[in-house]
Amino acid sequence: MSVHQVPHPTPPLAADRSLLSVALTTEGPASVVEVRGPLDMDTVDLLVDFTTTVLGGVPPPVLVLDLSGVSFFSAAGITALLTVRKRAATRGCALVVRRPSRITVTVLSLVGLSDEFIIE
């Protein structure tokens, strides 16, 4: 049997490891966006676009980002949080970061931004 005849195993899809999910719920007057998965260059647009939609029309007085399920947090994630915060503020909406994952807290602390967000 030559090398060309040996079937190669199919590698796992990269998309399986890079899926980001966002879900919207409400708690009283607040809109809560639950974020699960990696916040990186490939996924942050989903979060920014989703929150922009939530802020459209009549925005909630408070937008809560539940980041407890964030498994990876990169510089693109930082930019996304800053973008969401700015868009929320221009719509008169307060942004609260809820239960940020360990990696999220670590990265925000490393870049000196942990005091820039209301964290619960």
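In this text, all values refer to a predicted model and were calculated from it rather than measured experimentally.

Chemist: Any chance you could explain the pairing of strand β4 (residues 94-98) here in plain terms?
Modeler: As a general feature of sheets, a regular strand has side chains that alternate between the two faces. With respect to burial, β4 is a largely interior element, four of its five residues being buried. Direction of pairing for strand β3 (residues 62-73) relative to β4: parallel, over a ladder of five bridges. Bridge pairing links L63 to L95 in β4. Once the chain exits β3 it traverses helix α3 (residues 75-90) before rejoining the sheet at β4, and the crossover so formed is right-handed. As paired elements, β4 and strand β5 (residues 118-119) share two bridges and run parallel to each other. Note on β5: the bridge partner recorded for V96 is I118. After leaving β4, the chain enters helix α4 (residues 102-110) and then returns to the sheet as β5, a path that is right-handed.

Chemist: Please clarify how the side chain of T104 should be interpreted in this entry.
Modeler: Along the chain, T104 turns up in helix α4. The buried category is assigned to T104, whose relative accessible area is 0%. T104 has contacts with L67, V70 and F73, leaving out every residue within four places of it along the chain.

Chemist: Is there a simple way to explain the packing of aromatic side chains in this structure?
Modeler: What describes a pair of aromatic rings is the distance from one ring centre to the other and the angle between the planes of the rings. Tallied over the full model, the rule gives zero aromatic pairs. Lying across the ring of F117, R85 places its NZ or CZ 5.1 Å from the centre.

Chemist: What is the right way to look at the sheet that holds β4 in this model?
Modeler: On the basis of which strands lie adjacent, the open sheet formed by five strands has the order β1-β2-β3-β4-β5 and mixed pairing. Two strands bound the open sheet, and with one partner strand each, they are β1 (21-27) and β5.

Chemist: Help me understand the nonpolar core, please; the structure alone is not making it clear to me.
Modeler: Side chains of nonpolar character tend, in soluble globular proteins, to be buried together. Core analysis: the largest hydrophobic core is formed by 28 residues, its most contacted members being V33, V35, L39, L47, L63, L65 and F73. For this core, the elements supplying multiple residues, two or more each, are β2 (30-39), α2 (44-55), β3, α3, β4 and α4. At six residues, α3 tops the list of elements feeding residues into this core.

Chemist: Quick question: what am I supposed to make of α4 here?
Modeler: Quick reminder: α-helices carry 3.6 residues per turn. Residues three or four places apart thus point the same way. Taken residue by residue, α4 has T104, V107 and L108 as its buried positions. An end-on view of α4 places all buried positions within 100° of arc, on one side of the element. For α4, exposure combined with an orientation more than 90 degrees from the buried face picks out R102 and L110. Taken together, the buried residues of α4 touch β3 and α3. Just past α4, the residue G112 takes up positive phi, approximately 75°.

Reading the values: the criteria
Along each chain, residues carry numbers from 1 onward, in the same order as the chain's sequence is written. Where local features are concerned, this predicted model is filtered to residues with pLDDT of at least 70; where side-chain atom pairs are given and counted, the filter is 80 or more; whole-chain, interface and lining totals use all residues. The side-chain numbers reported here are obtained from all heavy atoms of the structure, hydrogens and water having been left aside. For every residue, the accessible area (1.4 Å probe, protein chains only) is compared with the maximum for its type, and the residue is labelled buried under 20%, exposed over 50%, or partly exposed between those bounds. By definition, any uninterrupted DSSP run of H or I lasting at least four residues is a helix, any uninterrupted run of E lasting at least two residues is a strand, and each is numbered from the N terminus. Each pair of strands is called paired provided DSSP finds at least two bridges between the two strands. Crossover handedness is defined here as right-handed if the route from the first strand over the helix to the second strand goes clockwise, with the strands pointing away from the viewer. Note on definitions: a residue-residue contact is assigned when non-hydrogen atoms from the two residues lie within 4.5 Å. In this analysis, rings of Phe, Tyr and Trp, with Trp reduced to its six-membered ring, are considered paired at centre separations within 6.5 Å, and the interplanar angle assigns stacked below 30 degrees, edge-to-face beyond 60, and tilted for intermediate values. A ring is considered to have a charge above it if a Lys NZ or an Arg CZ atom is located within 6 Å of its centre and within 35 degrees of its normal. Take the buried residues of types Ala, Val, Leu, Ile, Met, Phe, Trp, Tyr and Cys, join any two whose side-chain atoms come within 4.5 Å, and each joined set is a nonpolar core. Note that the arc is computed from the directions linking the helix axis to the C-beta atoms.

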